[in-house]
Amino acid sequence: MIDYYRGFFERHQWLENGLSWTVVLPLNEEITVDDLLRRLNGGRDPEQRVMDHPGEEAMDEGRPVLLVSEGEGTWGFLELAYGFGLSDRVLTELSRESRVWMVTWHFNGGYTILYAADGKIRARMRDFVFTEHRIEEGDPSILTDFRAMLDALGPEDYRGKRSAAFAFIEAATGMDLDGELPVVENAPVVILDNPDA
């Protein structure tokens, strides 16, 4: 799986400057994507529209622009302009009756992966691409497999480490990131109200 995402980042190198990928696995079948979108947007319905070229137009918004992806019992939310990661408040709200994984980074770094469930952030690793500077919080057993992936890569294999984060989330959720999603045209997008979401 790491090789798949290496190829993904080779094709979409601009995403190595900033993106956020959040996967939500609702544990209650009654939770809809609209429920999740309201949680993402602080309890309000977010703006929804079609963008001709979301990857380019999202940069003009100055707010998180999400492409929504549906898997088998899972939902993925890709923010591809600035790497706006979700706040702890939003993540804990999303994780009520759900399991949530997020990986995010932006042009200043901020390489973070986390897992939340039952309304709490259970594990987080910051600066995961820098072996000597990793900061871990929460239950270390949750990220054991991710740590093993990182440790198998060279210290300066930053693309490999970014790819490992996506491979780890896919292994945990069964949700992959479609290689064509970042360049989709005429696509429905969700625009969140709060840039500090």
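Here, every reference points to the structure presented above.
None of the values given here were measured: they were computed from a predicted structure. Every chain is numbered on its own, with residues counted from 1 as its sequence reads. Only residues with pLDDT of at least 70 get local features here, since the model is predicted, and only at 80 or more are side-chain atom pairs given and counted; chain-wide, interface and lining totals rely on the full set of residues. With hydrogens and water stripped out, all remaining heavy atoms of the structure feed into the side-chain values.

**Regarding the packing of helix α1 (residues 2–11) against helix α6 (residues 158–173)**
Every axis in this analysis is a line fitted to C-alpha atoms, fitted for helices over the stretch in contact. Angles between the N-to-C directions lie between 0 and 180 degrees. Secondary structure is summarised from DSSP: a helix means a run of H or I of at least four residues, a strand means a run of E of at least two, and numbering begins at the N terminus for each. Their axes nearest at 8 Å, the elements α1 and α6 cross at an angle of 125 degrees. Put simply, α1 runs oblique to α6. Like other packed secondary-structure pairs, α1 and α6 cross with a definite hand, here right-handed. Contact residues: α1 offers I2, Y5, R6, F9 and E10, while α6 offers R159, G160, R162, S163, A164, F166, A167 and E170. All amino acids are sorted into three groups, where Ala, Val, Leu, Ile, Met, Phe, Trp, Tyr, Cys and Pro are nonpolar, Asp, Glu, Lys and Arg are charged, and the leftover types, Gly among them, are polar. Considered class by class, the residues forming the contact of α1 with α6 number 6 nonpolar, 2 polar and 5 charged. Every angle not falling under 35 degrees, over 145, or within 65 to 115 is termed oblique; those three ranges are roughly parallel, roughly antiparallel and roughly perpendicular. For any pair of crossing helices, the crossing counts as left-handed if the nearer helix is rotated counterclockwise from the farther one by less than a right angle, and right-handed if it is rotated clockwise. Residue contacts are defined here by distance: any two heavy atoms, one from each residue, within 4.5 Å place the two residues in contact.

**Quick look at the nonpolar core**
A general trend in soluble globular proteins is that nonpolar side chains are found buried together. Buried Ala, Val, Leu, Ile, Met, Phe, Trp, Tyr and Cys residues that are joined via side-chain atoms within 4.5 Å together make up what is termed a nonpolar core. Relative accessibility decides the category of a residue: with a 1.4 Å probe and only protein chains considered, values under 20% of the type maximum give buried, values over 50% give exposed, and everything between is partly exposed. Counting residues in hydrophobic clusters, the biggest one holds 42 residues, and the most contacted among them are W21, V103, I113, F128, F146 and F166. Ranked by the residues each element gives to this core, the list is headed by α6, at 6 residues. Of all hydrophobic cores here, the second largest spans 19 residues; its members include L36, L94, V100 and L192.

**Some details on empty space enclosed by the protein**
Cavity: a set of points on a 1 Å grid over the protein atoms alone where a 1.4 Å probe fits but cannot get out. Pocket: an open set with protein on both sides within 12 Å along at least five of seven lines, its lining residues, like those of a cavity, having an atom within 4 Å of a point. Grid points are joined across faces, edges and corners, and a volume is the space filled by probe spheres set on the points. Taken as a whole and judged by the stated rule, the model has 1 cavity of 30 Å³ or more. As a volume, the largest cavity reaches approximately 70 Å³. Mapped onto the lining of the largest cavity, the elements with two or more residues apiece are β1 (19–26) and β4 (75–79). Tallied by class, residues from the lining of the largest cavity come to 8 nonpolar, 2 polar and 1 charged.

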